[in-house]
Amino acid sequence: QVQLVESGGGLVQAGGSLRLSCVASGRTFSSVVMGWFRQAPGKEREFVAAIRGGGTTYYGDFVKGRFTISRDNAKNTVFLQMNSLKPEDTAVYHCAASMDYYRSSLYYTANHYPYWGQGTQVTVST
């Protein structure tokens, strides 16, 4: 079992930045793939970014250099630095975790991740 707790969401103006954190407990963190997904009202859950234990990263197409995922294995924490935020980035952001099956195509898919946090709300105003 893996427990995930997100923090760092909030209200920010367009063009601003936020840094989300997700603390994991319950399993060897360094071997786990960590992902961030988001879900806006009325929309499906969308892949944002993922990071493998060794630091290899993957991003959703819409990110386009604005977001950076990173992890601190010593602190069992994954981060999502979000810059140049836009109103369309408004959503609940969820942290997710999975064992690494060494198939990068899986990292983009919400169904691949069995463990999820409760989510943190990000609201970007105009």
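Computed from a prediction, not measured in an experiment: that's the story for all the values here.

Looking at this structure, how should I read the nonpolar core?
When a protein is soluble and globular, its nonpolar side chains tend to lie buried together. With 30 residues, the main nonpolar core has Met34, Trp36, Leu80 and Tyr93 as its most contacted residues. Within the residue set of this core, elements represented by two or more residues are strand S3 (18–25), strand S4 (32–39), strand S5 (46–51), strand S7 (67–72), strand S8 (77–82), strand S9 (91–99) and strand S11 (120–125). Judged by nonpolar contacts, the second largest core, of eight residues, contains Phe37, Phe47, Tyr58 and Ala96.

It is not clear to me how the environment of Ala96 should be interpreted in this structure. Could you clarify?
Its location among the elements puts Ala96 in strand S9. The class of Ala96 is buried, set by a relative accessible area of 0%. Sequence-wise, Ala96 and Gly117 are 21 residues apart; in three dimensions their C-alpha atoms are separated by 6.4 Å. Among all residues touching Ala96, those that are not within four sequence positions of it are Leu4, Val33, Met34, Gly35, Phe37, Tyr113, Tyr115 and Trp116.

Would you mind going over the packing of aromatic side chains with me for this structure?
Tallied over the entire structure, the rule returns eight aromatic pairs. Here the aromatic rings of Phe47 and Tyr108 are separated by 4.8 Å at their centres, their planes lie at 55°, and the arrangement is tilted. Here the residue Phe47 occupies a position in strand S5, and Tyr108 occupies one in the loop between S9 and strand S10 (115–116), the gap between them amounting to 61 residues. Phe47 sits in the buried class, given a relative accessible area of 9%. Three or more aromatic residues joined by ring pairs make a cluster, and in this case those are Phe37, Phe47, Tyr58, Tyr107, Tyr108, Tyr113 and Trp116. The ring of Phe62 carries the charged tip of Arg38 above its face, separated from the ring centre by 3.8 Å.

Parameters at a glance
- Residues numbered from 1 in each chain as written.
- Predicted model: local features only at pLDDT ≥ 70, side-chain atom pairs only at ≥ 80, totals over all residues.
- Heavy atoms only, no water.
- Core = buried A, V, L, I, M, F, W, Y, C linked by side-chain atoms within 4.5 Å.
- Buried < 20%, exposed > 50% of the residue type's maximum accessible area, 1.4 Å probe, protein only.
- Helix = DSSP H or I, 4+ residues; strand = E, 2+ residues; numbered from the N terminus.
- Contact = heavy atoms within 4.5 Å.
- Phe/Tyr/Trp six-rings, centres within 6.5 Å; stacked < 30°, edge-to-face > 60°.
- Lys NZ or Arg CZ within 6 Å of the ring centre and 35° of its normal.

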